[in-house]
Amino acid sequence: AGHAVVGIVTQGRLPIKILSGEMAWHRGGPRVVFEPFEFFSPRLIKDHIQTLLAGTVAETRVFGEEYRSSGCTQDLMTATQILSDGLTRSGFGRHLSFSDRMMIPTATEIFSDQDAMDTEQYLSEAKAEAEKILDQQYTLFENVVQKLLQSERVTSHDLEDLVKQFMVGSSDQVQAVSERKQPITLERYQVGIESLRLVS
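Residues numbered from 1 in each chain as written. Predicted model: local features only at pLDDT ≥ 70, side-chain atom pairs only at ≥ 80, totals over all residues. Heavy atoms only, no water.

(A) Local environment of the environment of Phe 34. Relative to the helices and strands, Phe 34 is located in the loop between β2 (31-33) and α3 (42-63). Looking at Phe 34, the relative accessible area reads 13%, which means it is buried. Residues Phe 34 and Ser 156 lie 122 residues apart in sequence; the distance between their C-alpha atoms is 9.7 Å. Setting aside anything within four residues of it in sequence, one finds Phe 34 in contact with His 3, Ala 4, Gly 7, Ile 8, Gln 11, Arg 13, Leu 14, Pro 15, Ile 16 and Thr 51. (Helix = DSSP H or I, 4+ residues; strand = E, 2+ residues; numbered from the N terminus. Buried < 20%, exposed > 50% of the residue type's maximum accessible area, 1.4 Å probe, protein only. Contact = heavy atoms within 4.5 Å.)

Okay, structure coming up:
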């Protein structure tokens, strides 16, 4: 539920589905499924990491810091890997150099400590943003939780109904969520994926 709500807000679109319970474990584990990104940019990475960290944020909010689980391990691994790739391979950090330690071992020592500090800072900031979003949209979160308690599979149509009833935002913002297919960040860039391919 945490992943879904924060993802809806940061990406401005609905997930395809949420799987939980026994149904999810037969298919690889509980998860929220959004249409995948075709590429990453610094802003898309930030949005995606906020969504990934929303699970641990939601657990802490509901159960308290001492009772959150290790179920968010894979989310932290994925978030760290995506961010690390952006910082060390795509030039999204403080330096442009390709500094992947596995591929260029002798060229990375100068950057490794800074990359680690940047990664921790980005993750901490993303977690703080996810906390703000969950606090603002807590009524939506609670209703997504209730829906998941009733059904192990929640579809985009189910989520659309909940968003229209409980999402905090203007009527235009709420309506846009149900209609948008690509992340809202692409609209901020005012360019589509095809145009980005041409630029690249």
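Next comes the rest of the account.
(B) Spatial organisation of the layout of surface pockets. Considering only enclosed or pocket space, the largest pocket measures out at about 1,200 Å³ in volume. Lining the largest pocket are 38 residues, with His 3, Pro 30, Arg 31, Val 32 and Asp 75 positioned closest to its centre. Elements represented by at least two residues in the lining of the largest pocket include exactly α1 (2-11), β1 (17-19), β2, α3, α4 (73-88) and α6 (138-150). Its residues placed into classes, the lining of the largest pocket shows 20 nonpolar, 13 polar and five charged. (1 Å grid on protein atoms, 1.4 Å probe; cavity = no way out; pocket = protein on both sides within 12 Å on 5 of 7 lines; lining within 4 Å. Points joined across faces, edges and corners; volume = space filled by probe spheres on them. Nonpolar A, V, L, I, M, F, W, Y, C, P; charged D, E, K, R; others polar.)

(C) Geometry of α1. Taken across its ten residues, α1 has nine buried, putting it largely inside the fold. Where α1 is concerned, the buried positions are Gly 2, His 3, Ala 4, Val 5, Val 6, Gly 7, Ile 8, Thr 10 and Gln 11. Backbone geometry just downstream of α1 places Gly 12 in the positive-phi region, at approximately 70°.

(D) Broad picture of the pattern of salt bridges. On inspection of all chains with the given rule, the structure shows six salt bridges. A salt bridge links Glu 65 to Arg 68; the nearest nitrogen and oxygen atoms lie 2.8 Å apart. Given the relative accessible area of 33%, Arg 68 is considered partly exposed. Asp 85 is paired through a salt bridge with Arg 89; the nearest N and O atoms lie 3.8 Å apart. When its relative accessible area of 24% is taken as the criterion, Asp 85 is described as partly exposed. (Salt bridge = Lys/Arg side-chain N within 4 Å of Asp/Glu carboxyl O.)

(E) Highlighting a nonpolar patch on the surface. A contiguous nonpolar surface patch, about 360 Å² in accessible area, is contributed by Val 62, Phe 63 and Tyr 67. Here Phe 63 shows up in helix α3. (Patch = residues over 30% accessible without salt bridge, like charges linked within 9 Å, V, L, I, M, F, W, Y side chains within 5 Å. Areas by Shrake-Rupley, 256 points an atom, 1.4 Å probe, with all protein chains shown as cover.)

(F) Quick peek at the nonpolar core. Residues Ile 18, Leu 134, Leu 140, Val 144, Val 163 and Met 167 are the most contacted members of the largest nonpolar core, which totals 26 residues. Ranked by residue count, the leading element in this core is α6, at five residues. Apart from the residues within four sequence positions on either side, Val 144 is in contact with Ala 1, Val 5, Ile 18, Leu 159 and Leu 162. Ile 45, Ile 49, Ala 79 and Ile 82 belong to the second-largest nonpolar core, a separate cluster that totals ten residues. (Core = buried A, V, L, I, M, F, W, Y, C linked by side-chain atoms within 4.5 Å.)

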